[in-house]
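Report on the structure
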Amino acid sequence: MTGAWGRILAQYGQSVTLRRGEGEQDCRAFLQPGTVRRDQWLYLGPPELPLEETNGLCVEWNGLRFAVRAAQPVCVGEETLYWWALLAVEDGEAQTEQT
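Summary of the structure given here. Fair warning: this is a prediction, and the values are worked out from it, not measured in the lab. (Residues numbered from 1 in each chain as written. Predicted model: local features only at pLDDT ≥ 70, side-chain atom pairs only at ≥ 80, totals over all residues. Heavy atoms only, no water.)

1. Regarding the nonpolar core
Ranked by internal contacts, the top residues of the largest apolar core, which has 18 residues, are Val 16, Leu 18, Leu 31, Tyr 43, Val 59, Phe 66 and Leu 87. Elements supplying a minimum of two residues to this core: β1 (14-20), β2 (23-33), β3 (40-45), β4 (57-61), β5 (64-76) and β6 (79-89). Looking at this core element by element, the count peaks at four residues for β6. Excluding residues that lie within four positions of it along the chain, Phe 66 makes contacts with Leu 31, Trp 41, Leu 57, Cys 58, Val 59, Trp 61, Leu 87, Ala 88, Val 89 and Glu 90. (Core = buried A, V, L, I, M, F, W, Y, C linked by side-chain atoms within 4.5 Å. Buried < 20%, exposed > 50% of the residue type's maximum accessible area, 1.4 Å probe, protein only. Helix = DSSP H or I, 4+ residues; strand = E, 2+ residues; numbered from the N terminus. Contact = heavy atoms within 4.5 Å.)

Structure representation (structure tokens):
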């Protein structure tokens, strides 16, 4: 990972693990809980780890496990800048908040 996005993730991102079956990959990404639904989180991750196949893919961070519900690359022209994803907590401990 190079460029400004790589430096930002390296300095401010959280250490996460992407898992699919027996395979795993450690990386740095931004995770942010939702404002209305605390069981849904935002993921912004590195461009070199595509999340195209969400079936069976999960993200682990800080003792929590998240299923990837939707994901897409964020691009400028042909270059992927980062991956956006909507995550759902799998551990059942998150609460849904209504405002």
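2. A closer look at unusual backbone geometry
For Asn 62, which is not a glycine, the phi torsion comes out positive at approximately 55°. Inspection of the secondary structure assignment puts Asn 62 in the loop between β4 and β5. Judged by its relative accessible area of 62%, Asn 62 is exposed.

3. Some thoughts on the packing of aromatic side chains
Enumeration according to the criterion identifies four aromatic pairs in this entry. A ring pair is formed by Trp 41 and Phe 66, whose centres lie 5.0 Å apart and whose planes are at 55°; its orientation type is tilted. Taken together, the residues span a long stretch of sequence, with Trp 41 in strand β3 and Phe 66 in strand β5 at a distance of 25 residues. We classify Trp 41 as buried; its relative accessible area is 12%. Phe 66 sits in the buried class, given a relative accessible area of 0%. One aromatic cluster in this structure is built from Trp 5, Phe 30 and Tyr 82. (Phe/Tyr/Trp six-rings, centres within 6.5 Å; stacked < 30°, edge-to-face > 60°.)

4. Thoughts on the pairing of β3
With four bridges connecting them, β2 and β3 associate as antiparallel partners. Paired with Gln 32 across the strands is Leu 42, a residue of β3. Linkage of β2 to β3, two consecutive antiparallel strands, is achieved through a turn of six residues. Relative to β6, β3 is paired through six bridges, and the arrangement is antiparallel. Following the sheet pairing, Gly 45 is matched in β6 by Trp 83. (Pairing = 2+ DSSP bridges.)

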